Amino acid sequence: MTAGYRRAVTSALALAFAFFVTLFFLSFPPVFAGLCPRCFGFVPAGDNIFIEPNAGVAPAQVRADVRAAVAAIEPVVGAAYVPARVLVCFTEGCNGLMGGTSTIGMTYGTRLIYLPPQGYRPEIMRHELVHAVLHQKVGLRRSFSIPAWVDEGLAVYVSADPRVDLDPATCRFEAADLVESKAELRRLGPVKGPQAYGAAGCALAHLVAQNGPLVIAQILAGVYPSKPRRP
Ligand SMILES: [Zn+2]
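Residues numbered from 1 in each chain as written. Predicted model: local features only at pLDDT ≥ 70, side-chain atom pairs only at ≥ 80, totals over all residues.

Draft legend 1. Structural context of the pairing of strand β1 (residues 43-46). Bridging between β1 and strand β2 (residues 49-51) involves 3 bridges; their strand directions are antiparallel. The residue bridging Val43 from the neighbouring strand is Ile51, located in β2. Counting the residues in the hairpin turn of β1 and β2 gives 2 residues, including Asp47, whose phi is positive at 55°. (Pairing = 2+ DSSP bridges. Helix = DSSP H or I, 4+ residues; strand = E, 2+ residues; numbered from the N terminus.)

Next up, the structure:
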């Protein structure tokens, strides 16, 4: 291989790499914003939290709300003191810059949470913080292989989501609704999707009722349970 040819191949590879990195960041603006919150207009609110400014919500209020969410989940999942960078949008203008997601909250990997306007709610903060803690505890690489129903079930259960019946005496789930793959979960529609989240939370409630809280410690250690017996 001549030096000139080698240089041309290296340049082409570098160009391709830059193209895919740019494509990645354009596809996931919150990831880019997580690296540079100020580039997207966010201002620091303390505790690794960055918020949309001038939206009528005081930084101290957001800090207090996130701290309350952390305090609520720590007794169950252990130390969670803002393990992640939290970005919060309060308006659709801000959410548009972040890709205009219609989901209510996103956790990226182990250290980044994005809350759009519709996700600035206590249960959603708790939910995303549980994801971040779990992903951190099992590690980024292994976090991709957590069964979707376990990841979401733990988040729904520990966040005590008020939209979901989490009483093992009354809640019911279908085994078919306990989705294994996150891609499959994302593909579910507006009816099947919430059903899968509800089933996952209910399944976790049954697992804790059947096996005690050890099941949560095991999940956090990367040991995932089998689907529980159907109630
Ligand atoms: Zn979730």
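Draft legend 2. Representation of the nonpolar core within the structure. In terms of nonpolar packing, the biggest core is built from 59 residues, with Ile73, Leu129, Val130, Leu154, Ala200 and Ala203 touching the most fellow members. Those elements giving two or more residues to this core turn out to be β2, α3 (59-77), β3 (85-88), β5 (112-115), α5 (122-138), α7 (148-158), α9 (192-211) and α10 (214-220). The element best represented in this core is α9, accounting for 9 residues. Of the domains in this structure, domain 1 (27-139) and domain 2 (145-220) are the two that each give at least three residues to this core. Aside from chain neighbours lying at most four places away, what touches Ile73 is Ala80, Arg126, Leu129, Val130 and Val158. (Core = buried A, V, L, I, M, F, W, Y, C linked by C-beta atoms within 7 Å. Buried ≥ 20, exposed ≤ 12 C-beta atoms within 10 Å, placed from the backbone. Domains from an automatic or database assignment. Contact = placed C-beta atoms within 7 Å.)

Draft legend 3. Expanded view of the pairing of β3. Across the two faces of β3 the burial is the same, with Arg85 and Leu87 and Val86 and Val88 all buried. Bridge count for β2 against β3 is 3 bridges, and the pairing is parallel. In the strand pairing of β3, Phe50 is matched with Leu87. Handedness of the β-α-β unit built from β2, α3 and β3 comes out left-handed. Pairing geometry for β3 and β5, over 4 bridges, is parallel. The partner of Val88 across the bridge, within β5, is Leu115. (Right-handed = clockwise from strand over helix to strand, strands pointing away.)

Draft legend 4. Expanded view of the domain arrangement of the protein chain. In terms of domains, the protein chain is made up of domain 1 (27-139) and domain 2 (145-220). Spacing between the C-alpha centres of domain 1 and domain 2 amounts to 22 Å. Each partner contributes to the interface: domain 1 provides 11 residues, whereas domain 2 provides 12 residues. Ranked by residue count, the leading element in the side of domain 1 that touches domain 2 is α5, at 8 residues.

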